[in-house]
Amino acid sequence: MSAGLDLGFDDAQQAIADAVASFCRDRCSDAIVRAAASEFPLALWRDLAALGVLATATPEGDGGAVEIVAVMESLGRAVFPGPLAETFFAMQLLPAAERARVATGEAIVSVGTPPLLPWAKVAQVFVEVDGDAAWLGDARGAIEAVAVLGGEPWGRATLVRRAALGGVARAHALGNLGLAAYLAAAGRRLVDGAAEHARARRQFGRAIASFQAVAHPLADAVIALDAAVTLARVAACEWDACAPAAPMRSAAARLAASRAAECAAHASHQVFGALGVMRDGPAFFASRCILQRVATPPGPLPARATLLASLGL
C-alpha cells in the first residue's frame, strides 16, 4: 500500500454518496425505519434500486469496491432497512438473469445456511452459503416466520440446490466491505445523537457531557469507528487495485467495524439512560439494527478465517 494513498472520495464517488444521502433524507425517515420492523418497505427498496445502487460493482453496473463503501456509508447513517450487504455479496455470485431481477428491486435476496434464513419471508432469490461454497437454491414448501432481534422478516425454510455458484471469496470481500461501511456509519449516528443528548442533559448544574464517565466512552467510540471507516476505505482501494492483501483487509474491516459499532451502541445506551431502552427512543432501532447485522449470515466466521489464514494461523 502506498504511503500516499488518498482515502477521500473523488468527485464522482462523493456525488454518489451525496445522492444516496439525499435520497435517505427524503425517503428514509425514522418513522420508515421503525415501520420496517413489521412490514418490509418494498417501494422504498425498489426506489433505491432505481438509483443503480444494487448493481454497483457488477458487469451491468458502475463502480467498484470504493463506490460500495461510499454508498453504504450513506445508507448506514440512515439505518436503511433491507439486505444491503447480503445483496452486494449475492450480486457477485448470481447468474445474469437473477442479477437483473435483484438489481432492479424486482427480487429480494436471502443469503444464509438453511433452515434459518434472513429475509426469507420476502425473498424470491435464495443463496445457500457454507464457508467457501455457495449454491443458488429454491425454497421448498412453506416458509415459517421467525422473530429476530432486528425485527427483520427471517424464516425457517428448506432449500433445494439448483446450481453451484463460483466466486465466493470475491463475494465475501465485497460483502465485508459493504457491511463494515454500514456498521461504522450507523454507529457514528448513535454516538452523535448521544453526544448531542449529553450536551443538552444537565445534572448537578452542568451538562453531563462535561463528566469524564460520559465523555470518554463516547470519545473512545468515535476513535474506533473512525479507524473502522479508514480500514474499510483502505481495503476498498486495495480491492479495486487488485492488491493481494485486499481480502485480508476486507475481513479485518468487517471485524473492526462490528466491534466498534457494538461498543458505540453500548456507550450510547449508557448516555441516553432510560431513553435508550424506550422503543420510540433515539437509540432503540439503530442499536438493534447494528446488533442484528453483526450476526447476519454469512456472519463473521468467514472473515475471521480469512484473517487468521493471512497470519498463517
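The structure reproduced in this document is the subject of the present report. (Residues numbered from 1 in each chain as written. Predicted model: local features only at pLDDT ≥ 70, side-chain atom pairs only at ≥ 80, totals over all residues. Heavy atoms only, no water.)

**Topic: the overall build of the chain**
Put simply, the rule is: Each helix corresponds to a stretch of at least 4 residues labelled H or I by DSSP, and each strand to a stretch of at least 2 residues labelled E; elements are numbered beginning at the N terminus. The quantity called the radius of gyration is restricted to C-alpha atoms. Its globule counterpart is 2.2 Å times the number of residues to the power 0.38. Throughout, exposure labels follow a simple rule: accessible area from a 1.4 Å probe, protein chains only, divided by the maximum for the residue type, with under 20% read as buried, over 50% as exposed, and the rest as partly exposed. Contacts: residue pairs with any heavy atoms within 4.5 Å of one another. Each accessible area is a Shrake-Rupley result for a 1.4 Å probe, and residues are judged covered by the shown protein chains and nothing else. His is not counted, nor are the chain ends, whereas Lys and Arg count as positive and Asp and Glu as negative. In this description, the location of a charge corresponds to atom NZ of lysine, CZ of arginine, CG of aspartate or CD of glutamate.
Along the backbone of the chain there are 11 helices and 7 strands. Over its C-alpha trace the chain gives a radius of gyration of 19 Å, about what one expects of a compact globule, namely 20 Å for 313 residues. Based on the C-alpha atoms only, the size of the chain along its principal axes is roughly 65 × 50 × 40 Å. For the chain, with 313 residues in total, the buried portion stands at 52%. Restricting the contact set of the chain to residue pairs at least 6 apart, pairs at least 24 apart contribute 71%. Accessible surface computed for the chain: about 13,700 Å², of which carbon and sulfur atoms make up 57%. Looking at charge distribution, the chain has the averaged site of its 27 positive side-chain charges lying 7 Å from that of its 29 negative ones.

**Let's talk about the pattern of salt bridges**
Close approach of charged atoms lets side chains of opposite charge pair. Condition: Salt bridge criterion: a side-chain nitrogen from Lys or Arg within 4 Å of a carboxyl oxygen from Asp or Glu.
One pass over the full model with this rule turns up 14 salt bridges. Between aspartate 47 and arginine 27 there is a salt bridge, with its nearest N and O atoms 2.5 Å apart. In this pair, aspartate 47 sits in helix H3 (residues 42–50) while arginine 27 sits in helix H1 (residues 11–27), placing the two residues 20 residues apart along the sequence. Given a relative accessible area of 29%, aspartate 47 falls into the partly exposed group. Here arginine 101 and glutamate 106 are joined by a salt bridge, their closest N and O atoms 3.8 Å apart.

**What to know about the packing of helix H7 (residues 168–200) against helix H10 (residues 284–295)**
Heads up, the condition is: Note on geometry: axes are C-alpha line fits, over the in-contact stretch for helices, and angles between N-to-C directions span 0 to 180 degrees. Orientation labels follow simple angle bins: below 35 degrees gives roughly parallel, above 145 gives roughly antiparallel, 65 to 115 gives roughly perpendicular, and whatever is left gives oblique. Take the far helix as your reference; a near helix turned counterclockwise from it by less than a right angle gives a left-handed crossing, and one turned clockwise gives a right-handed crossing.
It is at 10 Å that the axes of H7 and H10 come closest, and there the two elements cross at 155 degrees. When the interaxial angle is binned, H7 and H10 end up roughly antiparallel. In this structure, H7 crosses over H10, and the sense of that crossing is left-handed. Together, Leu179, Tyr182, Leu183, Ala186, Gly187 and Leu190 of H7 and Ala286, Ser287, Cys289, Ile290, Arg293 and Val294 of H10 make up the contact between the two elements.

**Concerning the nonpolar core**
Defined as follows: Residues belong to one nonpolar core when they are buried, are Ala, Val, Leu, Ile, Met, Phe, Trp, Tyr or Cys, and are joined through side-chain atoms within 4.5 Å.
Met72, Leu75 and Phe80 are the most contacted members of the largest nonpolar core, which totals 74 residues. Of all the secondary structure elements, the ones that give two or more residues to this core are H1, H3, helix H4 (65–77), helix H5 (84–91), H7, helix H8 (212–240), helix H9 (246–272) and H10. With 15 residues, H7 is the largest single contributor of residues to this core. In this structure, Met91, Leu94, Val109 and Ala171 belong to the second largest nonpolar core, which totals 19 residues.

**Brief notes about helix H6 (residues 96–103)**
Quick note on the threshold: Picture the helix axis, draw a direction to every C-beta atom, and the arc is the one those directions span.
Of all the residues in H6, the buried ones are Glu98, Arg99, Val102 and Ala103. Angularly, the buried residues of H6 cover 130 degrees about the axis, an arc narrow enough to put them on a single face. Where the residues of H6 are buried, they touch H3, H5, strand S3 (125–130), strand S4 (133–146) and strand S5 (154–165). Directly after H6, the chain includes glycine 105, whose backbone phi takes a positive value near 85 degrees.

**Quick word on the environment of aspartate 280**
If you trace the backbone, aspartate 280 turns up in the loop between H9 and H10. Along the primary structure aspartate 280 and arginine 34 are separated by 246 residues, whereas in three dimensions their C-alpha atoms are 8.4 Å apart.

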